[in-house]
Amino acid sequence: MSTNQVILNIRFKIKPGKKEIFRDSLFAMINNFRNEPTFVTAIVSDDIDNSNDLVIYEIWQGTRDRWIQEEFPKPYRKEYEEALTSLIDDRIVSWLEPIGEWGSQLTNVTR
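Residues numbered from 1 in each chain as written. Predicted model: local features only at pLDDT ≥ 70, side-chain atom pairs only at ≥ 80, totals over all residues. Heavy atoms only, no water.

Enquirer: It is not clear to me how the layout of surface pockets should be interpreted in this structure. Could you clarify?
Expert: Empty space among the atoms becomes visible once a probe the size of a water molecule is rolled across them. When its volume is computed, the largest pocket comes out at roughly 190 Å³. For the largest pocket, the lining is made up of 15 residues, of which Leu-8, Ile-10, Trp-67, Glu-81 and Arg-91 are closest to its centre. Elements with a contribution of two residues or more to the lining of the largest pocket: β1 (5–14), α1 (19–33), β3 (53–61), α3 (75–84) and β4 (88–96). Its residues placed into classes, the lining of the largest pocket shows eleven nonpolar, no polar and four charged. The computed volume of the second largest pocket comes to approximately 150 Å³. Lining the second largest pocket are Ile-7, Ile-43, Tyr-57, Ile-59, Glu-97, Pro-98, Ile-99, Gly-100, Glu-101, Ser-104, Leu-106 and Thr-107. Tallied by class, residues from the lining of the second largest pocket come to seven nonpolar, three polar and two charged. (1 Å grid on protein atoms, 1.4 Å probe; cavity = no way out; pocket = protein on both sides within 12 Å on 5 of 7 lines; lining within 4 Å. Points joined across faces, edges and corners; volume = space filled by probe spheres on them. Helix = DSSP H or I, 4+ residues; strand = E, 2+ residues; numbered from the N terminus. Nonpolar A, V, L, I, M, F, W, Y, C, P; charged D, E, K, R; others polar.)

What follows is the structure, given as structure tokens:
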């Protein structure tokens, strides 16, 4: 079952003392991509148990391949990616496809 949506769930392991700078950089990038036609939503969360971790959950219309082809090359992402090397120790990316949703209507999945 294809929903024609892709979810990026990204956990950032932020260098000690760099969380506020990283957060500002991330929020600036979100402000750039939030007007993209395939953007649905983004949720940014601090990890309660790991103070140097931050997680972003993004929903986009389309497929992973289309996102990589159309969104990743945007000029504002290049600047953001260059800044990341001094701000994070690691980034764990999960590409997800929604299969069920309850309580909202952000995905194309109905249950």
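Enquirer: How do you make sense of the side chain of Arg-23 when you look at a structure like this?
Expert: With respect to the secondary-structure elements, Arg-23 resides in helix α1. By relative accessible area, Arg-23 is classed as buried at 17%. Beyond its immediate stretch of four places on either side in the chain, Arg-23 contacts Asp-46 and Leu-54. (Buried < 20%, exposed > 50% of the residue type's maximum accessible area, 1.4 Å probe, protein only. Contact = heavy atoms within 4.5 Å.)

Enquirer: Teacher, can you tell me more about the UniProt feature "domain: ABM" (unreviewed entry) in the protein here?
Expert: Here, the residues flagged by UniProt with the feature "domain: ABM" (unreviewed entry) are residues 6–96. Along residues 6–96 one finds 35% helix and 38% strand; the C-alpha atoms at either end are 6 Å apart. (UniProt positions renumbered as here; feature names shortened; annotations may be inferred.)

Enquirer: Any chance you could explain the nonpolar core here in plain terms?
Expert: The tendency in soluble globular proteins is for nonpolar side chains to be buried side by side. Formed by 20 residues in total, the largest nonpolar core has its most connected members in Phe-12, Phe-22, Leu-26, Phe-33, Trp-60, Tyr-80 and Ile-88. Of all elements in the fold, only β1, α1, β3 and α3 reach the threshold of two or more residues within this core. Setting aside residues up to four positions removed in sequence, Phe-12 forms contacts with Phe-22, Asn-52, Asp-53, Leu-54, Ile-56, Tyr-80, Leu-84, Ile-88, Asp-90 and Arg-91. (Core = buried A, V, L, I, M, F, W, Y, C linked by side-chain atoms within 4.5 Å.)

Enquirer: Where do I start with the pattern of salt bridges in this structure?
Expert: A side chain of one charge can pair with a side chain of the opposite charge if their charged atoms are brought near each other. Going through the model one piece at a time under the given rule, you end up with twelve salt bridges. A salt bridge links Asp-89 to Lys-15, with the nearest nitrogen and oxygen atoms 3.8 Å apart. With a gap of 74 residues between them, Asp-89 in strand β4 and Lys-15 in the loop between β1 and α1 connect regions that are remote in the sequence. In this structure, Glu-71 and Lys-74 form a salt bridge, with 3.8 Å as the shortest nitrogen-oxygen distance. Judged by relative accessible area, which is 3%, Glu-71 ranks as buried. (Salt bridge = Lys/Arg side-chain N within 4 Å of Asp/Glu carboxyl O.)

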